[in-house]
Amino acid sequence: MSIVGAPLSSRRIMITRPDNQSGDFEFLLRENGAETVSFPLISIAEPESWDPLDKSIQRIGEYDWLVFTSVNGVSFFEQRVNFLDKKEDLLSSECKVLSIGPVTSKAIKDSLQKKVFGCPQDYTSEGIVDFLKDMEIEGDSFLLPRAAVSREFLPEELKLRGAKVDVVPAYQTKFVKFPANSPFFDLLYEGKIDMVTFLSSSTVNAFVNCFGEEELKEICEKIDFACIGPITADTLIEKGLPLSVESDVSTSAGLTNKIVEFYHGS
């Protein structure tokens, strides 16, 4: 139920990220008066094999840098560190830990008890590269535990600067399939959703895969679309969806503020 008088009252906003990761965002939207609808288009699962990650953890003392680009990467990395009983090795290692953003930094500190060496102002892979631009990393070894399918920008840029990079799958993203008679589709077709939100490119791709070209065109005429960050925005535009709101701060709070601005000014 929306809060009368709040900036997003009477607005129904769809959240497409996994249910177990949407709590903060859902709370912020509701606090601002929105009614939220959870349409979890992706799920986060174990990688096909733990071997690459496990072998890297066994060699954690050999790395100069450990880079996390998501909370999911931290979570699954911690799971395997504990399984292999390598927590002491991790804590005693001298590898410097980089985080893509403040939420990931908090997960590193809380779960791994490792000090975060640095976090870019721009919470993207490009931001990490920019953070390292004045540092001598030629010959340094980097470990990147991340999604099985990810952008290659970061490891490629590190390699161009002479770094040795191990990219290992810590988890995989899977599309969630909904039956054709799912009530979510009726809400979208009937224009009963004001805005669909995307916090990653994978959710954009999953959303587009749910519809045919004409169905998607019909939905786009009725609904606003919002996303976090330039990478997700590029994916949105590439897939032919109209971009109504883009948060330049890659956090749930940043996106919520932009959504409030969008509707409060309209």
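Residues numbered from 1 in each chain as written. Predicted model: local features only at pLDDT ≥ 70, side-chain atom pairs only at ≥ 80, totals over all residues. Heavy atoms only, no water.

A.B. asks: Explain the environment of lysine 55 here, please?
C.D. replies: Position of lysine 55 relative to the elements: it lies in helix H2 (residues 51-58). Separated by 132 residues in the primary sequence, lysine 55 and leucine 187 have C-alpha atoms spaced 47 Å apart. (Helix = DSSP H or I, 4+ residues; strand = E, 2+ residues; numbered from the N terminus.)

A.B. asks: What is the right way to read the pairing of strand E4 (residues 65-68) from this model?
C.D. replies: Every regular strand shows the same layout, with side chains that alternate between the two sheet faces. With burial as the criterion, each face of E4 is covered, one bearing Trp65 and Val67 and the other bearing Leu66 and Phe68. Judged from the four bridges that link them, E4 and strand E5 (residues 96-99) form a sheet pairing that is parallel. Note on E5: the bridge partner recorded for leucine 66 is valine 97. Direction of pairing for E4 relative to strand E7 (residues 141-147): parallel, over a ladder of two bridges. Bridge pairing in E7 places tryptophan 65 opposite phenylalanine 142. (Buried < 20%, exposed > 50% of the residue type's maximum accessible area, 1.4 Å probe, protein only. Pairing = 2+ DSSP bridges.)

A.B. asks: Can you help me understand the nonpolar core in this one?
C.D. replies: Core analysis: the biggest nonpolar cluster contains 26 residues, and Leu188, Val196, Phe198, Phe207, Phe225 and Leu241 have the highest contact counts within it. Apart from residues lying up to four places away in sequence, phenylalanine 207 is in contact with Phe39, Leu41, Leu188, Val196, Phe198, Leu216, Ile219, Phe225 and Leu241. Core analysis: the next-biggest nonpolar cluster, separate from the first, contains 24 residues, Val81, Leu84, Leu90 and Val168 among them. (Core = buried A, V, L, I, M, F, W, Y, C linked by side-chain atoms within 4.5 Å. Contact = heavy atoms within 4.5 Å.)

A.B. asks: Sorry, what's going on with the environment of valine 129 here?
C.D. replies: Tracing the chain through its elements places valine 129 in helix H6 (residues 125-131). Taking relative accessible area as the criterion, valine 129 reaches 17% and is therefore assigned buried. With 70 residues separating them in the primary sequence, valine 129 and leucine 199 have C-alpha atoms 21 Å apart. In contact with valine 129, not counting residues within four places along its chain, are Phe153, Leu154, Glu157 and Arg161.

A.B. asks: Can you help me understand the sheet that holds E7 in this one?
C.D. replies: What holds strands together in a sheet is hydrogen bonding between their backbones, with the strands either parallel or antiparallel. Sheet architecture is open: six strands sit in the order E3-E8-E7-E4-E5-E6, paired in mixed fashion. A strand with exactly one partner marks an edge of an open sheet, and here the two such strands are strand E3 (42-45) and strand E6 (116-118). Looking at each pair of strands side by side, their axes are set apart by 30° on average, direction ignored. Contacting E3, E4, E7 and strand E8 (164-175), helix H3 (residues 71-83) crosses the sheet at an angle of about 100° to E8. (Axes fitted to C-alpha atoms, helices over the stretch in contact; angles between N-to-C directions.)

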